[in-house]
Amino acid sequence: MKPQPIKDLTGYDHIDVQGAREHNLKNIDVSIPRNQLVVVTGISGSGKSSLAFDTIYAEGQRRYMESFSSYARGFIGEMERPDVDKISGLSPVISIEQKTTSRNPRSTVGTVTEIYDFLRLLYARAGEAFSYVTGRRMVKQSQDQIIDQLLSQFEGQKTTLLAPVVKGRKGHYRELFVQIARLGYTKVRVDGEVQDIVPKMQLDRYKVHDIEIVVDRLVPEADDRYRLSQSVATALKQGKGAMMVMDGQGEAQYFSQNLMDPEAGISYDDPAPNSFSFNSPYGWCPNCQGLGKVEEITEDSIMPDRSLSISRGGIAPMGEYREAWIFKQLQVLLKPYKVNLSTPLEKFPPEAIELVLYGSDEPVPVPSKKYPGTKWDTKFDGIINFLKRQQENGSDKIQDWLKDFMVIRACPECNGLRLRQESLHFIIDKKNIAELAEMDIRELGDWLVNLEDRLEDRQKVIGHEVLKEIRKRVGFLLDVGLDYLTLNRSLRTLSGGEAQRIRLATQIGTQLTGVLYIMDEPSIGLHQRDNERLIGSLKNLRDLGNTVLVVEHDKDMMLASDYIVDIGPGAGRHGGHIVGQGTPDEFLKNGSTTAAYLDGRESIEVPAKRRKGNGKKLVLKGATGHNLKNVTLKIPLGTMICVTGVSGSGKSSLIHETLFPLLNQHFYRSRREPLEHKSIEGLEHLDKVIEVDQSPIGRTPRSNPATYTNLFTDIRALYSELPESKIRGYKPGRFSFNVKTGRCNDCEGAGRKKIEMDFLPDVYINCETCKGKRFNRETLEVRFKGKSISDILDMTVEAALNFFENQPRILRKVQTLNDVGLGYITLGQHATTLSGGEAQRVKLSEELSKRDTGKTLYILDEPTTGLHFQDIRHLLAVLQKLVEKGNTVLIIEHNMDVIKVADYVVDLGPEGGGLGGEIVAQGTPEKVAKAKGSYTGKFLKAELGSLSK
């Protein structure tokens, strides 16, 4: 039984919106029940986001800003009121959108959820330190304990107390010896040998040295404890907490007030939380500074094609042969190896390659051009050594040039674990902190079960409260279906839906009540199996006493909600009306398009016959990257293929990180390295690959669909050909908002100004000079069919179809934007306002407007993101046209409406993370539906069964 809306502390039982006219909303009134799970749905572009985010959330944000003092508001500026008559019953609003992914490589799942912060605290306070040299437990002794041990171990023996000041470092240390002498000491032990300090004393600066001050020579006696304690205190002071004791045979033993390995003599500083942070110099690996990756110049990166000779450019940084000193040096160097500059590199003996790359200390006699008959003796550094020196000391221009010869590799010092070796040797239950960060959330949850039973008593007491917090946060991530993620997963590699669910898990953890949460399609990227857990999390948020408003197209989410609001009937100017609302049972009885798809009156038809393809295959063998378990992927060409599987099963690892980089290297010589694999066959059957993902088409308001698809170039050319432009001498550049002559100088052609909000996201407001039109008055006076260049950017794709009907070059690109279901967006819509799915469809339209060859492989990542059932039908029609021309379309997808119409399905699993990475079923949808152990097959069987009834 669903809960009824109840009055809470606000005194309202509904959020009443009256006269909403933002964007395409047609003066609508809507009443949303409070403290319930409410879904706002409708055709893509019908006005869902305009109601939820641009009206309700914007008004909530504005009211929050008004609660600031007038002094604070003076810095922030006034926020524009949304175009609505009245909103009553509004609570404090929290928006959880998809565009939350950080581009910072240091942001990880662990840092953003604070789980890693609690783990750092746990390891700093309860971790056991072990030596990275011997593996022995590190010990820490007080001054009294050291004295007691000396008396018991060395009593009656001649001993020397030493204070270590230099350990394993190069240098001449002339100044250090002077300082030691000034302190009153006369002897030092250098590299194991006791020496007198003499004037101008120094060591070989290029050798590694150990130096200790001789503090005292004595025979430890219990009766003379005072002298011993004074000498020990002095040695510990000079040795910064460490000291050594040398017996009569010259054997030395270490003692320390810090954590120390008595055998190897290494010591650790006392741990603090930042000792385990890869964002702090106290914890990060000094080689990669906590990134886990380094850019390296490798042999393969500077010799990409070994079938070429040096003279033909086989060594990429050198280019082809020319009259240059380095080529003359190499001619002389290579003579003893019976190869020359015209010999292909693959025929060089290994010693010759070693010489070319790493140089030689032997002088090379090179004939002089200036003084014939004479020779210059010079040393050859080697290509790699030269490039590394330029990497350290070269100019910015040189650094940019060097990037072409670098590859990104896991840091050799920390093996990609980001932390310094000391931090990696603090252990709890046989695990260091990096091993926990590499576990997926499910494994981490299992490790936490009954952990106290495996801890020492001291660790139990210290870790009790910290473990409680960690378990709680891990539980929230499990509840929203993110069990396959790892804590060290970079935030910028997450999809919009994953980032949104992380924020959702964080919000559940805050346990706030009386809040209005507004979410944008949280089910994106989630397999049908995990949807139930997500819905349960949203209901938990509701049951805490919050109102949850979700913009969503997912069928299960709608049917599980308490209330549905459907906006339509069409997109853009054809939308903006409330076409249905009520509880799910009430909603299904109305005649809206959404209701028709929900109750089966409308559906996306399964093709009568599955394509067999053109008989050729692309076969990727032995993929083992990330969690993939020696997978062999077979793709029948000339078909539509769906790659499916639960979240985290290995779809992206297989397609985006193995297959696509491989094809990209083959066709375009890309430098991006694919994940581990054995081989690939069938490349000869393709001539290009195109990946269409959901990354933004631009990060500023300057980027828009017209500029991205090059449509704006054709429109500017058209405007420059108009009679008015010819009279004024206007060229195409005049109609660009990125060129000074034609743009508004106040906002520099952006149409909006950015207000930096310090601790809040930046806010964009319309430019007061040009009123958001981007151009100056003179440019706007040139018109085509009564429309200025600014009016064109404000025109919807649908309106542009009619407006440019007699301009074939422009019409073709506008038509493809309309074909992919983007008829409702404006040509100049700011890239920052496009969802991930809309950005992907803009990219798709740009590719569709090009001439295809019939031998192209298109790779799409969840193209149904943000699409209504009706829009999915239109998109599938476009993709089917591509396949009909002989191309291959490969789609990573969770949506059953797409999977059921595919010709071939590859299902990965069976679970996510470490329990996934295998192909559990492949073949036609009917074959996968019968496969045992396939979660996708189970849902596909239900989908195909419901259609056959």
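First things first, this report covers the structure right here in the doc.

Parameters and conventions
- Residues numbered from 1 in each chain as written.
- Predicted model: local features only at pLDDT ≥ 70, side-chain atom pairs only at ≥ 80, totals over all residues.
- Heavy atoms only, no water.
- Helix = DSSP H or I, 4+ residues; strand = E, 2+ residues; numbered from the N terminus.
- Buried < 20%, exposed > 50% of the residue type's maximum accessible area, 1.4 Å probe, protein only.
- Contact = heavy atoms within 4.5 Å.
- Areas by Shrake-Rupley, 256 points an atom, 1.4 Å probe, with all protein chains shown as cover.
- Pairing = 2+ DSSP bridges.
- Phe/Tyr/Trp six-rings, centres within 6.5 Å; stacked < 30°, edge-to-face > 60°.
- Polar contact = N/O pair within 3.5 Å; in protein donor to acceptor, adjacent residues only side chain to side chain.
- Axes fitted to C-alpha atoms, helices over the stretch in contact; angles between N-to-C directions.
- Parallel < 35°, antiparallel > 145°, perpendicular 65-115°, else oblique.
- Nonpolar A, V, L, I, M, F, W, Y, C, P; charged D, E, K, R; others polar.

1. Some words on the overall build of the protein chain
The number of helices and strands found in the protein chain is 33 helices and 34 strands. Once the C-alpha set of the protein chain is aligned to its principal axes, its extents read approximately 100 × 85 × 65 Å. Counting only residues that meet the buried cut, the protein chain has 52% of its 949 residues in that class. Counting contacts in the protein chain only where the partners sit at least 6 residues apart, residues at least 24 apart contribute 68% of the total. Summing over all exposed atoms, the protein chain offers an accessible surface of approximately 44,000 Å²; the carbon and sulfur share of this is 48%.

2. Quick look at the pairing of strand 5 (residues 93–96)
Side-chain positions along a regular strand alternate between the two faces of the sheet. Residues Val93 and Ser95 line one face of strand 5 and the alternating positions Ile94 and Ile96 line the opposite face, and both faces are buried. Of the pairings in the sheet, the one linking strand 5 to strand 20 (residues 516–520) comprises 4 bridges and is parallel in character. When the bridges of strand 20 are listed, isoleucine 96 appears paired with methionine 519.

3. Some remarks on the packing of aromatic side chains
Under the definition given, this model contains 17 aromatic pairs. Between tyrosine 116 and phenylalanine 278, the aromatic rings sit 5.3 Å apart at their centres with planes inclined by 40 degrees, giving tilted as the arrangement. With a gap of 162 residues between them, tyrosine 116 in helix 4 (residues 115–126) and phenylalanine 278 in the loop between strand 14 (267–268) and strand 15 (293–297) connect regions that are remote in the sequence. When sorted by exposure, tyrosine 116 lands in the same class as phenylalanine 278, which is buried. The interplanar angle of 10 degrees and the centroid separation of 5.9 Å between the aromatic rings of tyrosine 132 and tyrosine 268 together place this pair among those described as stacked. Within this pair, whereas tyrosine 132 is found in the loop between strand 6 (128–129) and helix 5 (143–154), its partner tyrosine 268 is found in strand 14, the two being separated by 136 residues in sequence. Here tyrosine 132 falls in the partly exposed class, since its relative accessible area comes to 29%. Ring pairing ties together the aromatic residues Tyr719, Tyr730, Phe735, Phe784, Phe803 and Phe804, which thus form one cluster.

4. Examining the side chain of threonine 159
By the element assignment, threonine 159 lies in strand 7 (residues 159–170). The exposure class of threonine 159 is buried, given its relative accessible area of 4%. A polar contact of 2.9 Å, which involves the side chain of threonine 159, links it to the backbone oxygen of leucine 218. Among residues more than four places away in sequence, those in contact with threonine 159 are Phe154, Asp216, Arg217, Leu218, Pro220, Val245 and Met246.

5. Points about the sheet that holds strand 11 (residues 242–246)
Backbone-to-backbone hydrogen bonds join strands into a sheet, with any given pair of strands oriented parallel or antiparallel. Read from one edge to the other, the open sheet built from 6 strands follows the order 9-8-10-7-11-12, with strand pairing classed as antiparallel. Each end of this open sheet is capped by a strand with a single partner; those strands are strand 9 (193–196) and strand 12 (252–256). Within this sheet the neighbouring strands show an average axis-to-axis angle of 35 degrees, counted without direction. This element, helix 5, spans strand 7, strand 11 and strand 12 of the sheet and lies at about 155 degrees to strand 12.

6. Focus on the packing of helix 10 (residues 350–358) against helix 11 (residues 383–393)
Packing of helix 10 against helix 11 leaves a shortest axis separation of 4 Å and a crossing angle of 25 degrees. Here helix 10 is positioned roughly parallel relative to helix 11, judged by the angle of their axes. Facing helix 10, whose interface residues are Val356, Leu357 and Tyr358, helix 11 presents Ile383, Ile384 and Asn385. Along the lines of polarity and charge, the residues of the contact of helix 10 with helix 11 split into 5 nonpolar, 1 polar and no charged.

7. Quick notes on the sheet that holds strand 25 (residues 631–636)
Overall, antiparallel pairing links the 3 strands, which are arranged 25-24-27 in an open sheet. Both outer strands of the open sheet, strand 25 and strand 27 (679–681), are each paired with one neighbouring strand and no more. In this sheet, neighbouring strand axes are inclined to one another by 10 degrees on average, regardless of whether the strands run parallel or antiparallel. By the bridge criterion, 5 bridges tie strand 24 (residues 617–623) to strand 25 in an arrangement that is antiparallel. Bridge pairing in strand 25 places leucine 620 opposite leucine 633. The sheet strands contacting helix 21 (residues 651–668) are strand 24, strand 25 and strand 27, and the helix crosses strand 24 at an angle near 120 degrees.

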